[in-house]
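For reference, the chains in residue letters:
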Amino acid sequence: MTEGRLIVAIDGPSGTGKSSVSKEVARRLGVGYLDTGAMYRAVAWWAQHQGIDLTDQVAVAHAAETIPLVMGTNPDDPRVSVDDIPIDQQIRTSEISEVVSAVATNLAVRSTMKKRQRQLINQIAEATGGVVAEGRDITTVVAPFADARILMTASEEVRMGRRSKELAVDAEATRAQIVERDAKDSTVAQFLTAADGVITIDTSDLDFEESVAAVLGAIEASTSAIAGH
Ligand SMILES: Nc1ncnc2c1ncn2[C@@H]1O[C@H](COP(=O)(O)OP(=O)(O)OP(=O)(O)O)[C@@H](O)[C@H]1O
Ligand SMILES: Nc1ccn([C@H]2C[C@H](O)[C@@H](COP(=O)(O)O)O2)c(=O)n1
């Protein structure tokens, strides 16, 4: 740990429970939280709001550089706003879920996001004593220096079940979206298998509380290993 600041990086495919588990872990540790997927969603929403065609890579990259985005980092209320407009609901619509990969696979956008996310991680850790940051490339690209690096996985069936329960829709209706999005996103980020030094937690047979306990255990193991070094 750097000067008493705890940085936790969590990656994994869609629907594994990264956001809900990360928020709870941040709450229990009394540190901040960063949802990096929400940042890609915000860029997609902002670009569309400005009439930009998401296949126009240069215009979308410019939108990512200039977006007046403010990320809430309180795990109890991680509000996302653009130009002072709260957009939490707008960015989680199925319309945005369907198009967000076009933004997330734009390499110029990823480069801008990496800088912003790394800056935010350091600022949040400075302000609250630590941060739990989650996404697809946090353990590998954005914060490979994190004190604990975790890949959360779950079988496709379990992930679809969790997502469809949450959205109150048929599991089959979510299959195509989840599978297609992960396939596209995994062309630019490694979140299907763990990189060296990253601890894998398979939550397929774990309930929510057990998943939180497993992540807290992995953080404890990683930080003890660093302290004993
Ligand atoms: N271990 C678990 N057991 C049962 N349900 C869980 C578990 N973990 C998370 N859930 C539920 O699964 C749903 C999906 O979780 P969440 O949105 O946190 O996933 P995610 O990995 O962040 O997905 P995405 O990357 O698509 O945003 C939520 O309703 C959450 O409460
Ligand atoms: N670090 C990240 C975070 C997210 N993404 C992509 C993956 C999704 O297509 C999109 C939204 O993420 P979600 O809110 O569903 O977790 O952003 C990424 O490429 N890198």
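Structure's up top.
Scoring rules and cut-offs
Each chain carries its own residue numbering, running from 1 in the written order of its sequence. Whichever chain is written first becomes A and whichever ligand is written first becomes 1, with later ones labelled in order. For a predicted model such as this one, the threshold for reporting local features is a pLDDT of at least 70, and the threshold for listing and counting side-chain atom pairs is 80 or more; totals across whole chains, interfaces and linings nevertheless cover every residue. Excluded from the side-chain calculation are hydrogens and water; included are all heavy atoms of the structure. Paired strands, in this sense, are two strands between which DSSP finds at least two bridges. Each helix is a run of DSSP H or I of at least 4 residues and each strand a run of E of at least 2, with the numbering of both proceeding from the N terminus. All axes are obtained by fitting lines to C-alpha atoms, using only the stretch in contact for helices, and the reported angles, taken between N-to-C directions, cover 0 to 180 degrees. Whether two residues are in contact is decided by their heavy atoms, any of which lying within 4.5 Å being enough. Put simply, a residue is near a molecule or strand once any heavy atom of it comes within 4 Å of that molecule or strand. Polar contact is the term for a pair of N or O atoms within 3.5 Å; when the atoms are in protein, one must be able to donate a hydrogen and the other to accept it, and sequence-neighboring residues count only if both atoms are side-chain atoms. With residues, only the protein chains shown are counted as cover, and all accessible areas are computed by Shrake-Rupley using a 1.4 Å probe. Under the grouping applied here, Gly and all other residues not named as nonpolar or charged are polar, the nonpolar ones being Ala, Val, Leu, Ile, Met, Phe, Trp, Tyr, Cys and Pro and the charged ones Asp, Glu, Lys and Arg. Any angle that is under 35 degrees is reported as roughly parallel, and any over 145 degrees as roughly antiparallel; angles of 65 to 115 degrees are reported as roughly perpendicular and all others as oblique.

Draft legend 1. Quick look at the sheet that holds strand β2 (residues 32-35). The strand order β2-β6-β1-β7-β8 describes an open sheet built from 5 strands, whose pairing is parallel. The open sheet has two edge strands, β2 and β8 (199-202), and neither has a second partner. Within this sheet the neighbouring strands show an average axis-to-axis angle of 20°, counted without direction. For strand β1 (residues 6-11) and strand β7 (residues 148-153), the ladder comprises 4 bridges, and the chain directions are parallel. Within β7, the residue paired with D11 across the bridge is L151. Across the sheet, helix α1 (residues 18-29) lies against β1, β2, β6 (130-135) and β7, angled at about 175° from β6, the strand it touches most.

Draft legend 2. Inspection of the site of ligand 1 at higher detail. Near ligand 1, the surroundings consist of 17 residues, among which K18, S19, S20, R163 and S211 are the closest. With respect to ligand 1, the backbone of G15 contributes an N or O atom lying 3.0 Å from an oxygen atom. Between ligand 1 and S20 there is a distance of 2.7 Å, counted from an oxygen atom to a side-chain nitrogen or oxygen. Protein contacts shield 80% of the accessible area of ligand 1, which totals 640 Å² for the unbound molecule. For the shell around ligand 1, the secondary-structure elements that each account for two or more residues are α1, α7 (156-167) and α9 (208-227). Classifying every residue of the shell around ligand 1 gives 3 nonpolar, 7 polar and 7 charged.

Draft legend 3. Structural context of the packing of helix α2 (residues 36-49) against helix α4 (residues 94-104). At a minimum axis separation of 9 Å, α2 and α4 run at an interaxial angle of 100°. Compared by their axis directions, α2 and α4 come out roughly perpendicular. Contacts between α2 and α4 involve Y40, R41, V43, A44, W45 and Q48 from the former and I96, S97, V99, V100, V103 and A104 from the latter. The residue makeup of the contact of α2 with α4, split by class, is 9 nonpolar, 2 polar and 1 charged.

Draft legend 4. Quick peek at the site of ligand 2. Within the structure, ligand 2 sits among 14 residues, and R41, R110, D137, R181 and D185 are positioned closest to it. T36 is positioned such that a nitrogen or oxygen atom in its side chain is 3.0 Å from a nitrogen atom of ligand 2. R181 is positioned with one of its side-chain polar atoms (N or O) 2.8 Å from an oxygen atom of ligand 2. Protein burial of ligand 2: of its 450 Å² of free accessible surface, 96% is covered by the chains. Among the secondary structure elements, those contributing two or more residues to the shell around ligand 2 are α2, α4 and α8 (171-185). Per-element accounting of the shell around ligand 2 gives the leading share, 4 residues, to α2. Of the residues belonging to the shell around ligand 2, the class tally is 4 nonpolar, 4 polar and 6 charged.

Taken by themselves, the reported measurements are silent on function.
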